[in-house]
Amino acid sequence: MAIRPERLEAGDTVGVVSVGSPLSREVIDERIAYLESLGLRVIIGEHTYEENGFLAGDDESRAEDFMNMVVNNDVKMILPVRGGVGVIGMLKYLDYNLIQGNPKIVTGYSDVTILLNALYEFANVESLHSLMLIDFKLSTPAFNFDRFFTAVSEVNEPFRVENPPASSMRSLVPGIASGDIIGGNLTSLLGGLGTPYEWDARGKILFIEEINDSTGRVYRGLQQLEEAGKLDECEGFLIGRCSRCYPSYEVSFNQLIESFFTPIGKPTITNIMSGHGTYKTTIPIGAKVTMNADTLTIETTRALVTND
């Protein structure tokens, strides 16, 4: 099983870093103030405020900030400010042996997907497809915070992936499957194929979600995963939303998912609210789960954090 980080408690220190695209100083500072209002201490990476076009500074500097948080014994959680683009560029500068020896809570979504899966693949450390710094604000739904803080603080109970009450998951292909969860944003996952940071799908439960795309382009991405053998290797599928996406030739995202995954015949649950979109349930990357597409339950075999 993958290594679990230590739990987050009131008064603990959060390390804020930029790993992909920049965010304005004003927004970063507003979100940090919100974190501090929750009783958390915050330290900021040296290069967090940098802007270099669509990147928050160069790749090596972003990786340096991340590793500084890894080796800082006071830091319990590493919180990226946002995703955007460019996260894959910093992966070659990370020391995965050090990360394995100093497991921290790492959380994010969007382009942070490639980092979360690399932490599991190369450091054998669990992480969370969940909130980033940009989400720590008054307008964020209470549901998002509930699932996040349950994941990072509960040490006695297995974690269950849940949707908000008004948005039910749906069973597309019935059945039960077990395996470690991998995945996240589809575009980010595709970016890892054919690189040193390609993810291993064998025996895994694959989660995917997307944003701002057409059904036709999503189809192209799914077809690429199929041709790369990734879908054959998986035990089951968890399908999120395609936020702010639009139909191609009157084919909707849900219609595409049904036509694409039903013939594969492996247990599949759809309409999972995680990642982009208003509601963001927490999905543990690298954690072993059992998914039951008959009862619409997704549960880990143990808590996601420890007291050690």
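In what follows, the structure referred to is the one given above.
Residues numbered from 1 in each chain as written. Predicted model: local features only at pLDDT ≥ 70, side-chain atom pairs only at ≥ 80, totals over all residues. Heavy atoms only, no water.

Here we come to the sheet that holds strand 9 (residues 236-243). The pairing of strands in a sheet comes from backbone hydrogen bonds and takes either a parallel or an antiparallel form. Taken in spatial order, the seven strands of this open sheet run 6-10-9-8-7-12-13, and their pairing is mixed. Strands at the two margins of the open sheet, each flanked by one partner only, are strand 6 (170-173) and strand 13 (297-300). Neighbour-to-neighbour, the strand axes of the sheet open up by a mean angle of 30°, direction not taken into account. (Pairing = 2+ DSSP bridges. Helix = DSSP H or I, 4+ residues; strand = E, 2+ residues; numbered from the N terminus. Axes fitted to C-alpha atoms, helices over the stretch in contact; angles between N-to-C directions.)

So, about the packing of aromatic side chains. Taken as a whole, this structure holds 12 aromatic pairs when the rule is applied. Seen in terms of ring centroids, phenylalanine 143 and tyrosine 279 are 6.2 Å apart; in terms of plane orientation they differ by 75°. Their pairing is edge-to-face. Within this pair, whereas phenylalanine 143 is found in helix 5 (residues 142-153), its partner tyrosine 279 is found in the loop between strand 10 (268-272) and strand 11 (283-285), the two being separated by 136 residues in sequence. Here phenylalanine 143 falls in the buried class, since its relative accessible area comes to 15%. Relative to phenylalanine 260, the ring of tyrosine 219 has its centre 6.2 Å away and its plane inclined at 80°; by these criteria the two rings are edge-to-face. (Phe/Tyr/Trp six-rings, centres within 6.5 Å; stacked < 30°, edge-to-face > 60°. Buried < 20%, exposed > 50% of the residue type's maximum accessible area, 1.4 Å probe, protein only.)

Glancing now at the sheet that holds strand 1 (residues 13-17). Spatially, six strands are ordered 2-1-3-4-5-11 in an open sheet, and the strand pairing comes out mixed. Looking at the sheet topology across the chains shown, the edges are occupied by strand 2 (41-44) and strand 11. Averaged over all pairs of adjacent strands, the angle between their axes in this sheet comes to 25°, without regard to strand direction. On the sheet, helix 1 (residues 25-37) packs against strand 1, strand 2 and strand 3 (75-80) and is oriented at approximately 150° with respect to strand 2. Where helix 5 meets the sheet, its contacts fall on strand 3, strand 4 (105-108) and strand 5 (127-129), and the angle it forms with strand 5 comes to roughly 170°. (Contact = heavy atoms within 4.5 Å.)

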